[in-house]
Amino acid sequence: MLEQRIQQHFIDSADLKYQAAPILSKPIAAAVQALLACVTSGGKVLACGNGGSAADAQHFSAEFVGRFERERPELAAIALTTDSSILTAIANDYDFSVIFSRQVRALGQPGDVLLAISTSGNSANVLAAIEAAHEREMVVVGLTGHGGGKMSHALRDTDVHICVPHDRTARIQEVHILALHCICDAVDAQLLGDQET
Ligand SMILES: O=C(CO)[C@@H](O)[C@H](O)[C@H](O)[C@H](O)COP(=O)(O)O
Ligand SMILES: [Zn+2]
């Protein structure tokens, strides 16, 4: 019974990935182009999200600054989820809804990219970070699910929206991390050539 339940998770996750591949390949490719334009012109990525999406922001930043699967020069990325002094000071003195936006205003430059991750598309602090990124003339790559929520309306035509076609947070997160690995792989392939896997 328990094993059947576990196997159903694998089946549901695989089903969603098959279904999402033709839908998400285009926005994922657009995200790769936005990120390449950013890092090849001296820009940086600022990444944010809550809970599991905070972990995704950190996971992605680690693969940009460190490496993914191949040796390549360092790429600039900062997860806005990691400095407990900054996060507690801003949440304590202002509000939790501005923990990312103040960091974006402090660090963001025109041409940088904000990686904004929210499965619901409704997290106030992520939405505020998008507004701040637009003020700083940054491009936003948004990862959502649940139809995109409020983030659908916050993004501009020049931004990229990777919206997983599902309503279950865990499933959406499983596709988000796949999408982020696709981006890392494609960035490496564009920078180094695609002869290796
Ligand atoms: O990882 C999970 C659920 O799988 C949770 O930690 C989840 O990320 C948190 O509830 C977040 O606060 C949800 O925020 P969001 O994805 O709607 O922006
Ligand atoms: Zn989780």
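Every value quoted in this text rests on a predicted model; they were computed, and no experiment measured them.

About the cut-offs
Residues numbered from 1 in each chain as written. Chains lettered and ligands numbered in written order. Predicted model: local features only at pLDDT ≥ 70, side-chain atom pairs only at ≥ 80, totals over all residues. Heavy atoms only, no water. Helix = DSSP H or I, 4+ residues; strand = E, 2+ residues; numbered from the N terminus. Rg over C-alpha atoms; globule rule 2.2 N^0.38 Å. Buried < 20%, exposed > 50% of the residue type's maximum accessible area, 1.4 Å probe, protein only. Contact = heavy atoms within 4.5 Å. Near = heavy atom within 4 Å. Polar contact = N/O pair within 3.5 Å; in protein donor to acceptor, adjacent residues only side chain to side chain. Areas by Shrake-Rupley, 256 points an atom, 1.4 Å probe, with all protein chains shown as cover. Nonpolar A, V, L, I, M, F, W, Y, C, P; charged D, E, K, R; others polar. Disulfide = S-S within 2.5 Å. Patch = residues over 30% accessible without salt bridge, like charges linked within 9 Å, V, L, I, M, F, W, Y side chains within 5 Å. Salt bridge = Lys/Arg side-chain N within 4 Å of Asp/Glu carboxyl O. UniProt positions renumbered as here; feature names shortened; annotations may be inferred. Pairing = 2+ DSSP bridges.

A short note on the overall build of the protein chain
Within the protein chain, the regular secondary structure consists of 7 helices and 5 strands. For the protein chain, the succession of helices and strands along the chain, N to C, is α-β-α-β-α-α-β-α-β-α-β-α. In terms of overall size, the protein chain behaves like a compact globule, its C-alpha atoms giving a radius of gyration of 17 Å where 197 residues would be expected to give roughly 16 Å. Taken over the C-alpha atoms alone, the protein chain extends approximately 50 × 40 × 30 Å along its principal axes. Residues classed as buried in the protein chain amount to 44% of the 197 residues present. Considering only contacts within the protein chain whose residues lie at least 6 apart along the sequence, 71% involve residues at least 24 apart.

What about the site of ligand 1?
As a structural note, the neighbourhood of ligand 1 is formed by Asn50, Gly51, Gly52, Ser118, Thr119, Ser120, Ser123, Thr169 and Gln173. Interatomic distance of 2.6 Å between a side-chain N/O atom of Ser118 and an oxygen atom of ligand 1. Ser120 has a polar side-chain atom sitting 2.6 Å from an oxygen atom of ligand 1. Within the complex, the protein chains bury 60% of what would otherwise be the 450 Å² of accessible surface of ligand 1. Here the residues of the shell around ligand 1 sort into no nonpolar, 9 polar and no charged.

Concerning the state of the cysteines
Working definition: the covalent bond between the sulfur atoms of two cysteines is a disulfide. Here the structure, examined in full by the defined rule, presents 0 disulfides. Cys48 carries a free sulfur, and the closest cysteine sulfur to it, the one in Cys38, is 15 Å from it. No disulfide involves Cys163; its sulfur sits 16 Å from the nearest other cysteine sulfur, which is in Cys182. Residue classification places Cys163 among the partly exposed positions, given a relative accessible area of 21%.

Quick notes on the side chain of Ser13
Inspection of the secondary structure puts Ser13 in helix α1 (residues 2–40). Given a relative accessible area of 9%, Ser13 falls into the buried group. Sequence-distant contacts of Ser13, that is, excluding residues within four places in its chain, are made with Arg171 and Glu174.

Some thoughts on a nonpolar patch on the surface
Among the surface-exposed residues, Leu2, Ile6 and Phe10 lie close enough to one another that they form a single nonpolar patch of about 360 Å² accessible area. On the secondary structure map, Leu2 appears in helix α1.

Section: the environment of Leu46
Relative to the elements of secondary structure, Leu46 occurs in strand β1 (residues 45–48). Other than its neighbours up to four places away in sequence, Leu46 contacts Ile78, Leu80, Val104, Leu107, Gly108, Val113, Leu114, Leu115 and Met138.

Structural notes on the UniProt feature "binding site: substrate" (unreviewed entry) in the protein chain
Feature annotation in UniProt places "binding site: substrate" (unreviewed entry) on Asn50, Gly51, Gly52, Glu63, Asn92, Asp93, Ser118, Thr119, Ser120, Ser123 and Gln173, given in this structure's numbering. In sequence the annotated residues extend across 124 residues, and in space they extend as well, their farthest C-alpha pair lying 32.3 Å apart. Along the polypeptide, Glu63 turns up in helix α2 (residues 52–65). When near neighbours in sequence (up to four residues on either side) are disregarded, Glu63 contacts Phe68, Arg72, His181 and Cys184. Residue placement: Gln173 occurs in helix α7 (residues 169–192). Once residues within four sequence positions are removed from consideration, Gln173 is found in contact with Gly52, Ser53, Asp56 and Thr119.

With respect to the pairing of strand β5 (residues 160–163)
Burial along β5 is one-sided: Val160 and Ile162 are buried, and none of His161 and Cys163, which face the opposite way, are. The sheet contact formed by strand β4 (residues 139–144) and β5 spans 4 bridges and is parallel. Across the sheet, the residue bridging to Leu143 is Ile162, located in β5.

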